[in-house]
Amino acid sequence: MTTMDESELKAFDVVVVGGGINGAGIARDAAGRGLKVLLCEQHDLAAHTSSSSTKLIHGGLRYLEFMEFNLVRKALAEREVLLAAAPHIMYPMRFVMPHESSLRPAWMIRIGLFLYDHLARRRSLPASSQIDLRRHAAGSALQEQFRKAFEYSDGWVDDARLVVLNALGAQELGADIRPRTRCRSISADGQGGWLVTLESCNGATTSVQARAVVNAAGPWAALFNSSGVPGAARHGLRLVKGSHIVVPKLFDHPYAYIFQATDRRVIFAIPYEENFTLIGTTDVEHHGSPAEAKISPEETRYLCDEVNRYFRKAITPNDVVHSYSGVRPLLEDESTDARAVSRDYALELTTTPAPLLSVFGGKITTFRVLAEEAVNRLCAALNVRHDPWTAAAPLPGGDLHNDDFDAFLAQLIAQHPRLPAPLLKRLARAYGSRVARVLGDAQTTADLGEEVCPGLFARELNYLISVEWAQTAEDILWRRSKLGLHLPADSATKIAHWLELHRRAA
Ligand SMILES: Cc1cc2nc3c(=O)[nH]c(=O)nc-3n(C[C@H](O)[C@H](O)[C@H](O)COP(=O)(O)OP(=O)(O)OC[C@H]3O[C@@H](n4cnc5c(N)ncnc54)[C@H](O)[C@@H]3O)c2cc1C
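Residues numbered from 1 in each chain as written. Predicted model: local features only at pLDDT ≥ 70, side-chain atom pairs only at ≥ 80, totals over all residues. Heavy atoms only, no water.

Colleague: Describe the nonpolar core, listing the residues and the values that go with them.
Modeller: Ranked by size, the top nonpolar core spans 51 residues in total, and within it V16, I26, M90, L162 and V214 carry the most contacts. Element by element, the count of residues in this core is highest for helix α7 (residues 367-382), at nine residues. Once you skip the residues sitting within four places of it in the chain, V214 turns out to touch V14, V15, V16, V17, I26, L357, V359 and L378. In this structure, L412, L419, A473 and L499 belong to the second largest nonpolar core, which totals 34 residues. (Core = buried A, V, L, I, M, F, W, Y, C linked by side-chain atoms within 4.5 Å. Buried < 20%, exposed > 50% of the residue type's maximum accessible area, 1.4 Å probe, protein only. Helix = DSSP H or I, 4+ residues; strand = E, 2+ residues; numbered from the N terminus. Contact = heavy atoms within 4.5 Å.)

This is the structure:
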């Protein structure tokens, strides 16, 4: 255990606590406005809620039922801004909602979709329409009684990679990014700022000074503020677990489905990682540590039963090849029903003894506007003037000509005729224009170094370690990529072994 002498303390304008999407987004925005930023994340980047979402960039059609017009408008408007910022990890998706008149009448859905189409400006996303399932590609996977459906647009995002790209963007603008570093405490430094104590995963502690601190600890945000932080806002958070299951694909077309569950919730069935269908989610009050959220047998059964009401091909819990759970940090309100709790966010700035901005709630979809609002408020509190800049700025790897991923991929394949096209496609989706930094001068798979697992080569692993902060097999298989779904069961052991040898050699 080491502690630094106060005279050697590094000083930052802003220390961001939490490396989920909100912390990473705030760090990037603040660094781009010239602020000196440190971000600390107690585990891996995106280790928790921000890698456990349904991965939709969406306005949230169902929130209209709860009159959340402001949230829906804000999120709808953000869809195209985000899609343009990283067309490799985000893309438009069409959603099909089979109609079941006993659950919601068609006129109600039509009004909802009209609002969804018109609450915010759309440039590239097509409008909603009514479809005949007997003729539409999405119809054949569904049971015969479903004849009518509605189709509308939203977006898809690789949530964990979105976090890493924001952290990378922040670092390239000067931010100090420290994964596996917990913020142990903050206290007044006696000079109008904060003394922040950080603890790395090996137990070593250091202290830094900060003019302002951002609490972006997601489901831990309320706990962080109540753990002896002077002057902190005390907003209540309601922790609601949501789980997903992954099954071998139930259909072979690019449409996603949104189903109306018997309890009036909605369930998504989404094409996932080429060979799979992602099904979610549930809403279950969560009382333990957010890090321990796990799907229960009842949730798995519920998700299977609900999709079995729609698809021809029935599934059972035995078909589940993977599952994950996350905890939504929702704003505490009077609702007794978890699905009715607002998905909007609140930013609370306290200024005594020093500026502390706390983030409560939020969605992946609204992270950029949340970060912009947060940094506007920090700039005002720190008495500096810097204009917002992220609305038109691509994320690392997102600067594809005309935002055209297909053209980019075709060019990449033409430039590398001796590399397998499926490998190039996976790398292009993950790294966008940065794929050149992963491939280097490689022309054949032999140039990519050792093939540690099928299709995963030493060159990519080196990139993930040196550029994207990956340290464990889990970081690599489940967050920097979703290779865990595709590779043989012994891959985690093989990667861990390779990482160990790599560490010893370094
Ligand atoms: C099941 C589910 C489905 C969802 N689906 C969608 C969707 O489709 N679309 C959408 O827009 N949104 C969706 N969301 C919401 C979205 O995922 C969350 O709002 C968002 O990820 C929250 O990000 P965050 O950065 O606030 O929290 P997190 O991602 O949890 O990040 C907070 C981080 O803070 C770290 N931390 C905590 N305390 C400390 C400390 N003392 N020191 C250092 N680090 C600390 C934690 O380790 C954690 O990594 C979904 C959420 C869930 C649970």
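Colleague: Could you give an account of the pattern of salt bridges, naming the residues involved and the relevant values?
Modeller: Tallied over the entire structure, the rule returns 38 salt bridges. One network of salt bridges, in which partners are shared, links D44, R180, E474, D475, R479 and R480. (Salt bridge = Lys/Arg side-chain N within 4 Å of Asp/Glu carboxyl O.)

Colleague: An account of the domain arrangement of the chain is requested, with residue identities and associated values reported.
Modeller: Domains assigned within the chain are domain 1 (6-48 + 160-236 + 342-392), domain 2 (90-156 + 238-335) and domain 3 (401-505). In this structure, domain 2 and domain 3 have C-alpha centres spaced 30 Å apart. Taken residue by residue, the interface counts nine residues in domain 2 and six residues in domain 3. Where domain 2 abuts domain 3, roughly 640 Å² becomes buried across the two surfaces, and 61% of that area is made up of carbon and sulfur atoms. Taken together, the connections running from domain 2 to domain 3 amount to one salt bridge. Between K425 and E274 there is a salt bridge; the shortest N-O distance is 3.1 Å. A breakdown of the residues in the side of domain 2 that touches domain 3 according to their chemical character gives five nonpolar, two polar and two charged. (Domains from an automatic or database assignment. Buried area = accessible area lost by both parts, 1.4 Å probe. Nonpolar A, V, L, I, M, F, W, Y, C, P; charged D, E, K, R; others polar.)

Colleague: Hey, could you go over the pairing of strand β2 (residues 37-40) for me, with residue numbers and the actual values?
Modeller: Residues of β2 alternate between two faces, with V37 and L39 on one and L38 and C40 on the opposite face, all of them buried. Summarising the sheet, strand β1 (residues 10-17) and β2 pair through four bridges and their orientation is parallel. Following the sheet pairing, V16 is matched in β2 by L39. Since β1 and β2 lie parallel, the crossover through helix α1 (residues 21-32) that links them has a hand, and here it is right-handed. The pairing of β2 with strand β7 (residues 176-178) spans three bridges and is parallel. Looking at β7, one finds that L38 is bridged to D176. (Pairing = 2+ DSSP bridges. Right-handed = clockwise from strand over helix to strand, strands pointing away.)

Colleague: Give me the pairing of strand β8 (residues 181-188): which residues, what numbers.
Modeller: Across seven bridges, β8 lies against strand β9 (residues 194-200) in antiparallel orientation. Counterpart to R182 in the pairing with β9 is E199.

Colleague: Pulling in residues and values, what's your account of helix α11 (residues 458-466)?
Modeller: Among all positions of α11, only A458, E460, L461, Y463 and L464 are buried. Among the structural elements, α9 (421-431), α10 (435-439), β19 (451-453), β20 (456-457), α12 (473-480) and α13 (491-505) are those in contact with the buried residues of α11.

Colleague: Residues and numbers for unusual backbone geometry, please.
Modeller: What is expected of a backbone is that most residues other than glycine have negative phi and most peptide bonds are trans. Of note, the amide linkage connecting G280 to T281 takes the cis form, showing an omega dihedral of 15°. Position of T281 among the secondary structure elements: in the loop between β14 (276-280) and β15 (284-285). In this structure, P353 follows T352 across a cis peptide bond, with omega equal to 5°. Of note, E273 is a non-glycine position whose phi angle comes to about 50°, a positive value. Relative to the helices and strands, E273 is located in the loop between β13 (266-272) and β14. Accessibility expressed as a relative area gives 29% for E273, which makes it partly exposed. The phi angle at N402 is positive, at roughly 55°, despite the residue not being glycine. Residue classification places N402 among the exposed residues on the basis of a relative accessible area of 64%.

Colleague: I'd like a description of empty space enclosed by the protein, backed by residues and values.
Modeller: Rolled over the atoms, a probe as big as a water molecule pinpoints where empty space is left. This structure, assessed with the given rule, holds four cavities of 30 Å³ or more. The volume enclosed by the largest cavity comes to roughly 50 Å³. The wall of the largest cavity is formed by L423, R426, L427, V438, L439, L448, G455, F457, R459 and E460. Among the elements that take part in the lining of the largest cavity, α9 stands out by supplying three residues, more than any other. When the residues that make up the lining of the largest cavity are grouped by side-chain class, the tally is six nonpolar, one polar and three charged. Surrounding the second largest cavity, R28, L82, A85, F367, R368, T390, A393 and L395 form its lining. Mapped by element, the contributors of at least two residues to the lining of the second largest cavity are α2 (69-85) and α7. Grouping the amino acids of the lining of the second largest cavity by side-chain chemistry returns five nonpolar, one polar and two charged. (1 Å grid on protein atoms, 1.4 Å probe; cavity = no way out; pocket = protein on both sides within 12 Å on 5 of 7 lines; lining within 4 Å. Points joined across faces, edges and corners; volume = space filled by probe spheres on them.)

Colleague: Can you explain the layout of surface pockets? Please cite residues and give values.
Modeller: Of the volumes computed, that of the largest pocket is approximately 1,400 Å³. Residue lining of the largest pocket: 45 residues in total, with H88, Y91, E274, K425 and R429 positioned closest to the centre. Residue assignment for the lining of the largest pocket shows that the elements contributing at least two residues are α2, β4 (90-98), β13, α8 (405-415) and α9. Sort the elements by how many residues they give to the lining of the largest pocket and α9 lands first, with six residues. The residue makeup of the lining of the largest pocket, split by class, is 22 nonpolar, six polar and 17 charged.

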